[in-house]
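# Overview (structure and organization)
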Amino acid sequence: MTQHFNSERPPVAELDDAHAARIAQEWWGIRGDVTTLPSYSDRNFKVDAGDDGCFVLRVANRMERAEWLQLENDAMERVIAIGLSGIAHASKHGRTIETVQDSLDNDHLARMTTFVPGKMLGSRAGADESGWDTETTKDIGRALARVDRALEGLAEPSASRRVRWDLMEASWIIGVSAPGIGPERQRLIQRAQLQFLADAKRVEEELPNTWIHGDGHPGNLLIGPEPGPARVSGVI
């Protein structure tokens, strides 16, 4: 197995809502009601400042680097133009990325972004087997296509980053066992994985190479409150 990736989630910040509220006020001068939001590998907090707006304090895990977060900021600047993202707001010191401390005094990079209203697509029941109707499925495709077009020409960061969801970096999965799968089935799975990697390598130079969202699942897509078929209102 090629040990490019750790299958464990990276260490996240130890924060409660009260601590997040102090960070928002100290670094961004924003005072409001704070509630925890779901996240895969970071800590996100909604900061409702009433008439002053609604924001998300995003505290990165300890493996993140400033170059990668700046790339996300640059991507958001492009996607906000099509109405599907918020932006990163400057702190009181004029920076969009700050270093803050969690309750264990560990350093974490943090940003304050615009809160995009909506609810996760995964919470919407629909008519077909995928959990939503045909019109919603079409709108998902249109939204992700618009995002990918908006990301065209986005500059490469100075620091390279390997992402487990990148199909060209899928070798990390070789040899990872799934619970309840016996040795014979595991061998069949590994054979298929190796064949995929060989096929992907063979066509890698022939395929277009550009930025895409690449993770448009129901937990990363927001839908608006309008009646009828769900429409994508934001992309996380």
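For the structure, see preceding data.
Description of the structure in this document. For clarity, every value in this text was computed on a predicted model and none was experimentally measured.

## Brief notes about the overall build of the protein
- Counting secondary structure elements, the protein contains four helices and nine strands.
- Counting helices and strands in the order they occur from the N terminus, the protein gives α-β-β-β-α-β-β-β-β-α-α-β-β.
- Each of the 236 residues in the protein was classed as buried or not, and the buried ones make up 33%.
- Intrachain contacts of the protein at a sequence separation of at least 6 include 63% that bridge at least 24 residues.
- Accessible surface, the protein as shown: approximately 14200 Å² in total, 52% of it carbon and sulfur.

## Details of the nonpolar core
- Ranked by internal contacts, the top residues of the largest apolar core, which has 18 residues, are Ile 23, Trp 28, Ile 30, Val 47, Leu 57, Val 59 and Met 112.
- For this core, the secondary structure elements donating two or more residues are helix H1 (17-28), strand E2 (43-48), strand E3 (54-59) and strand E6 (107-114).
- With five residues, H1 is the largest single contributor of residues to this core.
- Excluding residues that lie within four positions of it along the chain, Leu 57 makes contacts with Ala 20, Ile 23, Trp 28, Arg 43, Asn 44, Phe 45, Val 47, Ala 110, Arg 111 and Met 112.
- Within the second largest apolar cluster, 17 residues are counted, among which are Trp 132, Leu 151, Leu 154 and Ala 230.

## Topic: the sheet that holds strand E8 (residues 221-223)
- Strand order in the open sheet formed by three strands is E7-E8-E9, with antiparallel pairing between adjacent strands. Only two strands of the sheet have a single neighbouring strand rather than two, namely strand E7 (119-120) and strand E9 (232-235).
- Across three bridges, E8 lies against E9 in antiparallel orientation. When the sheet's bridge partners are listed, Leu 222 is paired in E9 with Gly 234.
- Set on the sheet, helix H3 (residues 134-150) makes contact with E8 and E9; between it and E9 the angle comes to about 40 degrees.

## As for the pattern of salt bridges
- Within the structure shown, the criterion is met by eight salt bridges.
- Arg 95 is the partner of Glu 98 in a salt bridge, and the nearest nitrogen-oxygen pair spans 3.0 Å.

## Digging into the side chain of His 19
- In this structure, His 19 sits in helix H1.
- Its relative accessible area of 12% is what places His 19 among the buried residues.
- Once residues within four sequence positions are removed from consideration, His 19 is found in contact with Gln 101, Asp 102 and Ser 103.

## Focus on a nonpolar patch on the surface
- Taken together, the side chains of Leu 167, Met 168 and Phe 196 make up a nonpolar region of the molecular surface, amounting to roughly 280 Å² of accessible area.
- Its location among the elements puts Phe 196 in helix H4 (residues 183-203).
- For Phe 196, a relative accessible area of 35% puts it in the partly exposed group.

## Digging into the side chain of His 108
- Position of His 108 relative to the elements: it lies in strand E6.
- Judged by its relative accessible area of 2%, His 108 is buried.
- Within the structure, the side chain of His 108 is placed 2.8 Å from the backbone oxygen of Ala 60, a separation counted as a polar contact.
- Within the local environment of His 108, its side chain forms a polar contact with the side chain of Asp 102, the two groups lying 3.2 Å apart.
- Those residues in contact with His 108, other than ones at most four positions away along the chain, are Pro 11, Val 12, Ala 13, Val 59, Ala 60, Asn 61, Arg 62, Glu 98, Thr 99, Val 100 and Asp 102.

## Some thoughts on the pairing of strand E1 (residues 33-37)
- Note: E1 against E2, five bridges, orientation antiparallel. The residue bridging Val 34 from the neighbouring strand is Val 47, located in E2.
- The antiparallel pairing of E1 with E2 creates a hairpin that spans five residues between the two strands.

## Focus on H1
- For H1, built from 12 residues, the straight-helix expectation of 16 Å at 1.5 Å per residue is met to within 8% by its first-to-last C-alpha distance of 16 Å.
- Along H1, the positions that sit buried rather than exposed are His 19, Ala 20, Ile 23, Ala 24, Trp 27 and Trp 28. Projected down its long axis, H1 carries its buried residues within an arc of 140 degrees, all on one side.
- Looking at the buried residues of H1, the elements they touch are E1, E2, E3, strand E4 (88-89), strand E5 (98-101) and E6.

Each value, and the rule that gives it
- Residues numbered from 1 in each chain as written.
- Predicted model: local features only at pLDDT ≥ 70, side-chain atom pairs only at ≥ 80, totals over all residues.
- Heavy atoms only, no water.
- Helix = DSSP H or I, 4+ residues; strand = E, 2+ residues; numbered from the N terminus.
- Buried < 20%, exposed > 50% of the residue type's maximum accessible area, 1.4 Å probe, protein only.
- Contact = heavy atoms within 4.5 Å.
- Areas by Shrake-Rupley, 256 points an atom, 1.4 Å probe, with all protein chains shown as cover.
- Core = buried A, V, L, I, M, F, W, Y, C linked by side-chain atoms within 4.5 Å.
- Pairing = 2+ DSSP bridges.
- Axes fitted to C-alpha atoms, helices over the stretch in contact; angles between N-to-C directions.
- Salt bridge = Lys/Arg side-chain N within 4 Å of Asp/Glu carboxyl O.
- Patch = residues over 30% accessible without salt bridge, like charges linked within 9 Å, V, L, I, M, F, W, Y side chains within 5 Å.
- Polar contact = N/O pair within 3.5 Å; in protein donor to acceptor, adjacent residues only side chain to side chain.
- Expected span 1.5 Å × (residues − 1).
- Arc of directions from axis to C-beta.

Shape descriptors only; they carry no functional weight alone.
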